[in-house]
Amino acid sequence: MAEHTQSTATASDAETSADAAQEVVAEVVDVGQSLLEQGELLLNSLMRPWNAYQVGIAIALVVVAHLLRALLGPPIREWMGSREGWPKWRMRILVVVHQRLRPIFFVLLIWAAVLIMREVTWPSRSYLLSVIASLATAWLIVVFGTRLIRSIFLRRLVRYGAWTWVTLYLLGVLEEAERILDAAALEVGEFRISMLLVVQGIVIIGVLLALARFATSTTSARVQSNESISPSMRVLIVKVVQIAFYALAFYIGVKAIGIDLTGLAVLSGAIGVGLGFGLQKVVSNLVSGVIILLDKSIKPGDVISLGETFGWINTLGARYASVVTRDGKEYLIPNEDLITNQVVNWSHSNDYVRLDIYFGTAYHDDPYKVRELAINAAKGVERVLSFKAPVCHIVGFGDSSVDYILRFWIKDPTGGLTNIRGNVYLALWDAFQENDISIPFPQREVKVMGGQMPASHDSPDPQHD
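Being a predicted model, the structure only gives us computed values, none of them experimental. (Residues numbered from 1 in each chain as written. Predicted model: local features only at pLDDT ≥ 70, side-chain atom pairs only at ≥ 80, totals over all residues. Heavy atoms only, no water.)

### Digging into the packing of helix H6 (residues 152-171) against helix H8 (residues 195-224)
For clarity, the cut-off: Lines fitted to the C-alpha atoms define the axes, with helices restricted to the stretch that makes contact. Angles between their N-to-C directions range from 0 to 180 degrees. Each helix corresponds to a stretch of at least 4 residues labelled H or I by DSSP, and each strand to a stretch of at least 2 residues labelled E; elements are numbered beginning at the N terminus. For classification purposes, an angle smaller than 35 degrees is called roughly parallel, one larger than 145 roughly antiparallel, one from 65 to 115 roughly perpendicular, and anything else oblique. For a crossing to be left-handed, the near helix must be turned anticlockwise from the far one by less than a right angle; the clockwise case is right-handed. The criterion used for residue contact is that any of the two residues' heavy atoms lie within 4.5 Å. By the convention adopted, Pro, Cys, Tyr, Trp, Phe, Met, Ile, Leu, Val and Ala count as nonpolar, Lys, Arg, Asp and Glu as charged, and the other residues, Gly among them, as polar.
Viewed as axis vectors pointing N to C, H6 and H8 meet at an angle of 130°, and their least axial separation amounts to 10 Å. The angle between H6 and H8 places the two elements in the oblique class. In this structure, the crossing between H6 and H8 has a hand that is left-handed. For the pair H6 and H8, the contacting residues are Leu154, Leu157 and Val158 in the first and Ile202, Gly206, Val207, Leu209 and Ala210 in the second. Split into classes, the residues belonging to the contact of H6 with H8 amount to 7 nonpolar, 1 polar and no charged.

This is the structure in structure tokens:
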């Protein structure tokens, strides 16, 4: 009995699905026939004399716009090249306008033709021209509007979507197109998704993400130009603003197309647990990056040493820090390493760095004179700070020399440490050469006990001569 009931339910479900599919197909066929009928009417109307005249006028205006672009384009470009003192945003606008001269000329010409024909003849005889003019104007506005989107893929997506919607709307077939897209749907229980919903979601979310990116870039530029905020706080504010804007854009877009997010709570929770186990290092780096930005231990521009890596912080990302060395290499160090390992920050509280170099002179040289010469030599090097005067001290009496240490300060560790040490050594060399200060080197004396040289196997034997 139970098997019979189950088979009956399965059969009824199959019949319901088949009926739904037949209804969808029938609706698509009806809409398609309606569009074909409207297409036939449009084609027949184009064959009428005055409509054919309007199409010819539009084609002629396209040719005139092309000729005007070829004639006036080079002079306008030369004029743009002479505007060197203008702001960048104004030059960008001029470049965009110069690239779209042909459609701009066409829009101006066709609207002038529409106005003239409305004055000299019946309005119905310029109806087709006004439709073409409206389409051309709308397409041009869409082009200029989408230039604000920096992403090429997103810009093209929004542009083509807006062109399609505007064209369907102005031609009066928007409702039929929506019916076709809505009929092509996938239904699973209470869940229904159609092509219309997908298209609306792509367009709405794309526009919102473009607006979010524009708002983020504008806010980031203002924050980065604010000198009263520390560099680490600037980076943190920019990251928070980016996350907030993009999350808000996605949430508003999903709600605008009618998707209920409450049903995704369980699924998102399961995905979150899975990501927590599988992406522990990524999450650890993200949290470490936030901690670094909050405690201000490392900020862009700081000179750090981490293991064998010595360089300055170029950028602080959400997952890693970019460290540029003097030889041009860029190391991407995970934020977790900056938290757990010992990091030498040469410019944490200030940019002053003290460097030490060691040297030795002969015992017969005056140590007071040597110290004075060393200090003056260090002061003469370009990057050595004068208000933090160099100092020189004796640190020991060696086997061959009196040992000294010379300490001096610099303020630009990003300029390199080895090169400044080398310049100070060269200054010491020149100063010691001019004042007859000798730099000794180890010497060894060999004494032969017994008063005679030992016989060599290679020397001839006098008894055999």
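### Considering empty space enclosed by the protein
To keep it simple, the criterion reads: Only protein atoms enter the 1 Å grid used here. Points where a 1.4 Å probe fits but cannot escape make up a cavity, open sets with protein on both sides within 12 Å along at least five of seven lines make up a pocket, and a residue lines them when an atom lies within 4 Å of a point. Grid points are joined across faces, edges and corners, and a volume is the space filled by probe spheres set on the points.
Overall, the coordinates contain 1 cavity of 30 Å³ or more when judged by the stated rule. By volume, the largest cavity amounts to about 30 Å³. Taken together, Gly289, Ile292, Leu293, Leu316, Gly317 and Asn335 make up the lining of the largest cavity. In terms of residue class, the lining of the largest cavity is built from 3 nonpolar, 3 polar and no charged.

### Section: the nonpolar core
To keep things clear, this is the line we draw: Here the nonpolar core consists of buried residues drawn from Ala, Val, Leu, Ile, Met, Phe, Trp, Tyr and Cys, with membership extended through side-chain atoms lying within 4.5 Å. Only protein chains enter the accessibility calculation, which uses a 1.4 Å probe. A residue is then buried if its area is under 20% of the maximum for its type, exposed if over 50%, and partly exposed in between.
Membership of the largest hydrophobic core comes to 26 residues, with the highest contact counts inside it found for Phe359, Leu406, Phe408, Val424 and Leu428. Of all the secondary-structure elements, those providing two or more residues to this core are strand S8 (353-361), helix H13 (367-379), strand S10 (402-410) and helix H14 (418-434). For Leu406, the contacting residues outside a window of four places in its chain are Leu355, Asp356, Ile357, Phe359, Ala374, Ile375, Ala378, Pro390, Val391, Cys392, Val424 and Leu428.

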